[in-house]
Amino acid sequence: MDAETRQFVRRRARDVCEYCRIPQAATPLIPFHIEHIVARQHGGEDDPRQLALACDRCNAYKGPNLTSIDPDSGEIVLLFNPRLDEWGNHFMFRGGEIVGVTATGRATVRLLRMNDLRRVELREMWLKAGGRFS
Ligand SMILES: [Zn+2]
């Protein structure tokens, strides 16, 4: 992947994780990743339309997954896709926590462990310091 593509993806995301919305500025020592929404092993390409900016936690927990289980219904559902889905239709903030409001949102929150204690604490610290989530 060339430097231009990386820069484009980072700029498009305004330096915010496209899954959990933590800004890069909140974790300046841990560079975000350019993530293949559809992993290479499933045929994903370096096309910006198939790439997203992801913090290291979201990127690690998502891995090559495209689906997971909705904890409410037990159904297999698609994960949130930052290129196709609107974040605000699937998630909301409750303080430092992220609540999935659809089957896709719930499955993504759980698989990506968005509400692990340290991640919630980081979001709360960010809010306390006057930061916002866009
Ligand atoms: Zn994230």
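Small disclaimer: the values here were computed from a predicted structure and weren't measured. Numbers given to residues run from 1 along each chain, matching the order in which its sequence is written. Where totals are concerned, whole chains, interfaces and linings use all residues; where local detail is concerned, this predicted model gives features only for residues with pLDDT of at least 70, and gives and counts side-chain atom pairs only at 80 or more. To get the side-chain values, all heavy atoms of the structure are used, and hydrogens and water are removed first.

Peer 1: Got a minute to help me understand the side chain of T108 in this structure?
Peer 2: Relative to the helices and strands, T108 resides in helix α4 (residues 103-111). We call two residues in contact when some of their heavy atoms are within 4.5 Å. Aside from chain neighbours lying at most four places away, what touches T108 is Y19, L79, F80, F91 and M114. Helical segments are the DSSP runs of H or I of at least four residues, strand segments are the runs of E of at least two, and each set is numbered from the N terminus.

Peer 1: What am I meant to see in α4 here?
Peer 2: Given 3.6 residues per helical turn, the α-helix brings residues three or four places apart onto the same face. Accessibility here uses a 1.4 Å probe with only protein chains present; expressed as a share of the type maximum, an area under 20% marks a residue as buried, one over 50% as exposed, and anything in between as partly exposed. Every buried residue of α4 is accounted for by T104, G105, A107, T108 and V109. Of the surrounding elements, those touching the buried residues of α4 are β3 (67-69), β4 (76-78), α3 (87-90), β5 (91-94) and β6 (97-100). The first or second residue beyond α4 is R113, which carries a positive phi of 50°.

Peer 1: Can you walk me through the layout of surface pockets in this structure?
Peer 2: In this approach the atoms are scanned with a rolling probe the size of a water molecule, which exposes any empty space left behind. In this structure, the largest pocket occupies an estimated 250 Å³ of space. Lining of the largest pocket is provided by 14 residues; of these, T27, D56, R57, R119 and L122 occupy positions nearest its centre. Residue assignment for the lining of the largest pocket shows that the elements contributing at least two residues are α2 (56-62) and α5 (117-128). Among the elements that line the lining of the largest pocket, the one with the most residues is α5, at four residues. Ten residues, namely Ala, Val, Leu, Ile, Met, Phe, Trp, Tyr, Cys and Pro, are considered nonpolar, four, namely Asp, Glu, Lys and Arg, are considered charged, and the remaining ones, Gly among them, are considered polar. A class-by-class count of the residues in the lining of the largest pocket yields seven nonpolar, one polar and six charged. For each structure, a 1 Å grid was placed over the protein atoms alone; sets of points admitting a 1.4 Å probe that cannot get out are labelled cavities, open sets with protein on both sides within 12 Å along at least five of seven lines are labelled pockets, and lining residues have an atom within 4 Å of a point. Grid points are joined across faces, edges and corners, and a volume is the space filled by probe spheres set on the points. Of the pockets and cavities examined, the second largest pocket occupies roughly 180 Å³. Residue lining of the second largest pocket: R12, A13, R14, V16, E18, R21, F80, P82, R83, D85, W87 and S134, and that is the complete set.

Peer 1: Would you mind showing me how to read the coordination of the zinc ion here?
Peer 2: Six octahedral donors at a metal ideally form angles of 90 or 180 degrees, and four tetrahedral donors ideally form angles of 109.5 degrees. Donor atoms: N, O and S within 2.8 Å of the metal, or within 3.2 Å for Na, K and Ca. Because water is excluded, sites can look incomplete. For the zinc ion, the full set of protein donor atoms is C17 (SG), C20 (SG), C55 (SG) and C58 (SG), and the range of their distances to it is 2.3 to 2.4 Å. Taken together, the four donor atoms surrounding the zinc ion define angles of 104 to 117° at the centre, an arrangement classified as tetrahedral. Classification of C17 as buried rests on a relative accessible area of 0%. Using a relative accessible area of 2% as the deciding quantity, one classes C20 as buried. Metal sites are grouped by the angles between bound donors: all angles between 85 and 135 degrees with four donors is tetrahedral, opposite donors over 155 degrees apart with the others between 65 and 115 is square planar for four donors and octahedral for six, and any other pattern is irregular.

Peer 1: What's the story with unusual backbone geometry in this structure? I'm lost.
Peer 2: Excluding glycine, residues mostly have negative phi values, and the peptide bonds linking residues are mostly trans. At R14, a position not held by glycine, the phi torsion is positive, near 55°. Inspection of the secondary structure puts R14 in the loop between α1 (3-12) and β1 (33-36). Looking at R14, the relative accessible area reads 68%, which means it is exposed. Positive phi values are uncommon outside glycine, yet R113 reaches one of about 50°. Residue classification places R113 among the partly exposed residues on the basis of a relative accessible area of 43%.

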